[in-house]
Amino acid sequence: MRGWNLSGSLSKPVIDAWEQLSDYGLRSIDLSSNAITGSIPRSIGKLTHMRSLNFNLNRLTGSIPKEISELAKLEHFYASFNSLSNPAGSTQPLAGLFCMKEPERLYSLILRANNFTGTVNMSHCEGLGLLDVQDNRFYGALPIGITNQNLISLRAANNMFNSSIPEALWRLPQLATLELPNNDLSGTLSPYMGTVNNLVNIRLGNNSLRGTIPGNVTTNSQMLLLELQDNPLLYGTLPDVSRMVGIRTLDLHNTSISGTIPEALGSLPYLERVDISLTHMLCCENQSHADALAAQGIDKLLPSFLRFNNRIVQFDTTRNVPMSDLDPDQPTDVLCGSVERRRQPSSVWNVLDLPITNSAVTRQKWSIGPLYSFYKNCTCTPAYVQDTQSRVPVNITQAWCDNPAIPDNSCPEAFIFRCSLKHPPQLTLAQQVALGVAGAFCVVLLAVLANTCMAHASKMRRYYIRAKTRLQGTPKHGRMSLVVTDIEGYSEIFKRAPEVMFRALVMHNGAIRAAKYANCGFVLEQEGDSFTLAFHNAFDAVAFCLQEGDSFTLAFYNTFDAVAFCLQEGGSFMLAFYNAFDAVAFCLQAQQALLSLQWPEGLGMDESALPSADSISARRPSRLQQRLSQLLTSGTRRRAQQLNKSAAGNTVSEGESISLHVSPSRQLSQSLAARLAGLKTPPTDPALFAGLRVRMGICTGDVPSGTPIKSSALFQLAKVVSDFGNGGQVVMDHVTFAAVKESLTVLGAVEAGGINYTRLATHRSLWTSLKVALGCTSPLDPAEEAVVLDMEGDAAGSSSGRRQRDWSSLRLFQVLPAALTGRAHVWHNQLNLKDGWRPYDMPYFDAGLSNSSMALQQLPAVTMVFMSAENPEQLVRRRVQEGDLRFMVAFASPVAALEWCLVVQEAAMYLPWPTEPVLLYEGCTVERDAQGHIVFRGPRIKMGVCEGVPSSIFPDHEGRADYHGPAVNMAARYADKGAKGGQIACSLELAQKPGFGSFFTMANIGGMQIDWPEPVWCYAAALLAACLLAVYCWAKAKPTVYVVDFSVFDPPVSWKFPKAMIRKVAEANNSNPHAERHVAPEHIDFMCRLAERTGLGDETPVLPETHLGDITMAGTALARSEFSRTCITTAEALFNKTGIRPQEVNFVITNCSLFNPVPSLSAAVINHFKMGHRTRGFALGGMGCSAGVIALGLAQDLLQAHPGSLALVISHENICNATYTGCDPSMLISNVLFRCNGAAVLLSSKRHHARSAKYRIQHIVCTHMAADDEAYGCVQLTEDDARITGIKLKQELVPVAERALRQNMQDLGPLVLPASEKLKFAASYVLRRLVKSGGVLAGVLPGGLVERQYIPDFKKAFDFFCIHTGGRGIIDALEKHMQLSRKQVEPSRAALYRFGNVSSTSVWYDLAFIEAFQGVAAGQRVWQLAFGSGFKFNSSVLVANRAAKAARLKQQQPSSYVAQ
């Protein structure tokens, strides 16, 4: 009943049943490995015929009942790993229980790991052979006497025995194992210790033994283990060990043994571990002798068979122990080299006259403290230097010298090895200068690179947008921009001079078409002299109109082609653009291109046709302006009532003001406008016009889907906008202006040949940004921008014959290139208004500040009013930005300005403010005076008024007049600092001007000091912060992870396991009488047939211990041995190959599915290599054959999160514990396929490995299908019907693997496939959809498209394929599915043939084959494909960092592997 998961207690009926069965021959009961609770019942005494009782690994409590003494025939009693304890009040828990009737009957008594305490005496059990009382709390004398002549094994470790070891113990002839560590035994070691010939294991560590080691102990040739560690009072020298030929472990750690290491230890054939650290063994008599030997070579301090290696261990030299034995957080500054066995030539023989092999040498592990060599193998860390000034004696040696219990306690001359901190080196002046120059050079280089990137960013972006726009073709619907071009006077000129006009028209059409192509336009209509063009965005449309440069000429092979071109295009175009930018750019480019052409003489376009300044008619005042004048002359209350009525239903939006339609806020005289961009050119400068004058109109809007462009309202509106312009004007609507107003700087660089990126780069460079930040130049130079002027708002009347339109009013803007701003003074406000249109708002040139016909030598004085709302945060319900609820208005006189302020203050009270959002806020409520009149209602408006001469006037970003100067700044200060809500603040000088008292009452609100800001250096600080932030982001970017190198386990010859051995091992197991399970003959035949079909060769590796014997012999010890012999040795080879010390590794990651011990495998690696205390370990378990790539991905994530680190990945699958001994065929497959394996990969995120590393990780894509029940259960570690554990493979494995592969390829494809393969896949997908939909193409396209989805050719993305060696069928399926060549699957087939299914390490065996026989060139890509239980399909993409040439010749390639 072993391991049946039984629970409950042992009740009396159960014992009665056993008693009845004992009459029929029941003699042994095994209840181990269950969950039985309660105590052992007293009725157990009825089982008088019982010979063996096994209660191991249960949950029994209480004491062992006395009735068990009735079992006179009991030979074996096992009760380990329970919670048994003493009877109440007893200190002898085993007294009177065993051997009371037949003393020689009991042979085995195993009571390990219980709660017994007190004394124990088993000397009366004369036949006792095995006694195990480990892990209890026994004390007193040892439980054995001279009467126990048959005793073979005594295990009493981890108790509190505090007597000496009796002499009788050494006189027991059969004693083979004596394990008494971790007690408090005292006394000396008896001289009879070596007379027990059968004694092979002696463990007496961590006691209080004293004296010397008897010399006859080392004469026992069968001794396997001698552990005397942690007995500090053991002294003397080590006896002659040359006769201990069987010794494997010798541990004298922390004893007072002295002398040197005997040379005889080097000739012991089976020696594996020696620990003499923390002893008083010294290589030399004194320090001077050690110095002399070290001068000849440091290895002279060791015996001839030992040497120092490169593995460094951190030591605390004060206590002479490694740092791993101390507090891991304690810092150290001393590094000492470790010791290893020297490789021996083949001529070296051991004491058995057998050659010492190098494999036996590498197994030996030596632990020798640095004191042995007088610290000659120790150095200081790089930041420290050896301290030779203060020499302190070694304290442990001094303690030994002062101990009176140790005779002949003479002290050798030895001192502590100490290090002190280095003083930083002082740089010379030349070094400091060189360092400064190098730093300055790096800064300059970075600045140049940043300047280049910033200067050319817009050019690259523009090229990309144009290429994408051209691919879209002519716009059909949605948002677009239309441009209509028309030649002014086209018909009259053609009638007057047809031949000249013909040549001019050819030139005109060529310029239009060139500008159209440069700005991604599309011709929609050509009618006579008019073009209608479409642009995808408004920018291209404006750039088209602004373009200038060299003449655009068209070459034709003959006159016929030229005439045909002219007649086809005519003089008028309509073009479409996808965006407003392209449309505007087109217009700007075309205007400048037309200006630069060499027009033929005789066109008749003389300067007399240009309008003069005197001929420009003054604008009529608008009705709102007339209404304001009436309000100013009426009574206050009447004014408010009428204004309230006129404003009813209107709301004031952000950025607008009540003054917008009633004041000359955007007016400017002709002479003021002449100062635009610093122009000195007279309005009639001939350079402004040449040849044909083409007016252009730009309109942006949406065309509904299904509506032809020519039938849309946008098309008609574009023609109307074009008709408003005069020859040479570019007019656009407000939608186009809103789309391009943030791109005026780019449009300012539009010339005849397109955008001048060289000129634009000077304004986008880092140097310009620095000058702006330092205040050396203005952030935006208006002279370099395209100029936009707000022309006017025009409303459509209701004249007869005009059909109803979707639009009734237009806001028009004029756009001019920077070189042609003089044209604005030619036309001023003049637009070509048609019948039925009337202006409703004032344009840019209707300033009214002075007579428009007067030529002023300087700018006149203006009065500026600045107004804002008090506490604007309450109104906008968000954080207030600069400009929110702030307005600026300009007036020709102070009286008009103050009158306007009064009207606004009073009118604001009668606006229809909403009650809920506004009037309920504090500061906006209604307040009345004593007479009940309203004095406050709604937002409190504060105003500042100041008069002065502006320093400059430019069009702002809305095309309005923008004033600059002290008066503007002072008005803002008056409003912000001087006025409160409801007040109008101005200077005293302004208030005392004549005529003010008749309109209002003044009050002195006190003086105010304005703190003018100093030159702002905060821009430089902000730029520096931005640079630092950029450097920080660059430093924090995820680093590249490199595969420095890797190694795979290369098994020795003795590990070879031919396929025929499967039958031999199974038959040998069946003939073994001690084997727990036998293999049925039909199962042997099945495994042999399977081995012949799976593609395995006769050299696959298997542990030599499993070649013959019991196949169920596997255990934890053998599994650990397999891991050490396969993976630890592979990691050592990797470190030797790379030259990197194990102590430099920051992360250790192991993956093994079937063997997950405690401590973990990663801890075993850290322990073996004595890595630092900061090394972090990760052990992945149960993840199947794909765990190798998962571990690689985990290492990549860790290294990217910790730049500058190293990670060691060890992949392994333990085979000795995976043997299945049942009869389920689906679970026998793993016995045939899997073989011993191991792979070690060293990864780095250090930048200096960018050149030396073999590969870099490009992508890792993991596909996990555990959410699918079918995929989850297709590969499982489970039990069969006989409760035997094994790996079960289900039939669903193949379809699940196909789905996982398909999903993984879909995720990986977009990352690695070339564009051609992506397009083919997309086209195939679309065509299959069309055919399946049953549409028009269903009968045209071949039906095969429905059945076949195009599979991308991954061979175009990768150069090498590392396929998991799961079996020949898997490799064949992937070869067929991915259409791989024979050479591309050769690495996987060869690895399967030579090494078998090596689980998660297979992708590294494949890559090792590629490097050895095919070679890898720099830049080539490797695809590693791994899949396993879960179900998981994982891919890793590696890019070769450097070339790895084939290490073997062509004729040595394993072609036989693939052939067989």
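Residues numbered from 1 in each chain as written. Predicted model: local features only at pLDDT ≥ 70, side-chain atom pairs only at ≥ 80, totals over all residues. Heavy atoms only, no water.

1. Topic: the sheet that holds strand β40 (residues 862-869)
Point 1. Taken together, four strands build an open sheet; the order of strands is β41-β40-β44-β47 and the sheet is mixed. Two strands bound the open sheet, and with one partner strand each, they are β41 (886-891) and β47 (984-986). Neighbour to neighbour, the strand axes of the sheet diverge by 20 degrees on average, direction disregarded.
Point 2. Here β40 pairs with strand β44 (residues 941-948) via eight bridges, running antiparallel. Bridge assignment links Ser868 to a residue of β44, and that residue is Lys942. (Pairing = 2+ DSSP bridges. Helix = DSSP H or I, 4+ residues; strand = E, 2+ residues; numbered from the N terminus. Axes fitted to C-alpha atoms, helices over the stretch in contact; angles between N-to-C directions.)

2. Overview of the sheet that holds strand β57 (residues 1421-1428)
Point 1. Read across the open sheet, the nine strands follow the order β50-β49-β51-β52-β48-β53-β58-β57-β56; overall the sheet is mixed. Both outer strands of the open sheet, β50 (1176-1180) and β56 (1360-1363), are each paired with one neighbouring strand and no more. Neighbour-to-neighbour, the strand axes of the sheet open up by a mean angle of 20 degrees, direction not taken into account.
Point 2. Where β57 meets strand β58 (residues 1432-1440), eight bridges bridge the pair, whose relative direction is antiparallel. From the neighbouring strand, Phe1427 faces β58, where its bridge partner is Phe1433.
Point 3. Packed on one face of the sheet, helix α30 (residues 1187-1201) meets β49 (1147-1151), β50, β51 (1206-1211), β52 (1239-1244), β53 (1255-1264), β57 and β58 and runs near 165 degrees to β49. (Contact = heavy atoms within 4.5 Å.)

3. Remarks on empty space enclosed by the protein
Any empty space left between the atoms is revealed when a probe the size of a water molecule rolls over them.
Point 1. Evaluated as defined, the whole model comprises eight cavities of 30 Å³ or more.
Point 2. Taken as a whole, the second largest cavity encloses approximately 90 Å³ of empty space.
Point 3. Lining the second largest cavity are 13 residues, and of these Leu71, Ala72, Phe98, Cys99 and Met100 sit closest to its centre.
Point 4. Grouping the amino acids of the lining of the second largest cavity by side-chain chemistry returns nine nonpolar, one polar and three charged. (1 Å grid on protein atoms, 1.4 Å probe; cavity = no way out; pocket = protein on both sides within 12 Å on 5 of 7 lines; lining within 4 Å. Points joined across faces, edges and corners; volume = space filled by probe spheres on them. Nonpolar A, V, L, I, M, F, W, Y, C, P; charged D, E, K, R; others polar.)

4. Details of the confidence of the model for the protein chain
Point 1. Considering every residue of the protein chain, the mean pLDDT works out to 77; 75% of them sit at 70 or more.
Point 2. Long-range and interchain partners of residues 395-400, a stretch whose pLDDT sits below 50, account for 15 contacts in this model, where long-range means more than four residues apart.
Point 3. Low pLDDT, under 50, characterises residues 1009-1016; the predicted model gives this stretch seven contacts beyond four residues in sequence or across chains. (pLDDT = per-residue confidence, 0-100.)

5. So, the packing of aromatic side chains
Point 1. Evaluation of the coordinates by the stated rule reveals 18 aromatic pairs.
Point 2. Judged by centre distance (5.4 Å) and plane angle (50 degrees), the rings of Phe77 and Phe98 are tilted. Remark: Phe98 occurs in the loop between β7 (83-84) and β8 (108-110) and Phe77 occurs in strand β6 (residues 76-78); sequence separation between them is 21 residues.
Point 3. Put simply, the rings of Phe1354, Phe1358, Phe1361 and Trp1423 touch in pairs and so form one group of aromatic residues.
Point 4. Between the NZ or CZ atom of Arg1394 and the centre of the ring of Phe1395, over which it lies, the distance is 4.8 Å.
Point 5. Over the aromatic face of Phe1358 sits the side chain of Arg1421, whose NZ or CZ is 5.4 Å from the ring centroid. (Phe/Tyr/Trp six-rings, centres within 6.5 Å; stacked < 30°, edge-to-face > 60°. Lys NZ or Arg CZ within 6 Å of the ring centre and 35° of its normal.)

6. Comments concerning the pattern of salt bridges
Point 1. Counted by the stated rule, this structure contains 36 salt bridges.
Point 2. The salt bridge partner of Glu1317 is Lys1356, with a shortest N-O separation of 3.2 Å. One end of the pair, Glu1317, is in helix α35 (residues 1315-1333); the other, Lys1356, is in the loop between α36 (1344-1347) and β56, with 39 residues separating them in the sequence.
Point 3. Residue class for Glu1317 comes out buried when judged on its relative accessible area of 1%.
Point 4. Look at the salt bridges and you will find they share partners, linking Arg155, Glu179, Arg203, Glu227, Asp251 and Arg273 into a network. (Salt bridge = Lys/Arg side-chain N within 4 Å of Asp/Glu carboxyl O. Buried < 20%, exposed > 50% of the residue type's maximum accessible area, 1.4 Å probe, protein only.)

7. Concerning a nonpolar patch on the surface
Point 1. A cluster of nonpolar side chains, namely Phe441, Leu445, Leu446 and Leu449, defines an oily patch on the protein surface of about 430 Å² accessible area.
Point 2. Residue position: Leu446 is located in helix α5 (residues 429-472).
Point 3. By relative accessible area, Leu446 is classed as exposed at 57%. (Patch = residues over 30% accessible without salt bridge, like charges linked within 9 Å, V, L, I, M, F, W, Y side chains within 5 Å. Areas by Shrake-Rupley, 256 points an atom, 1.4 Å probe, with all protein chains shown as cover.)

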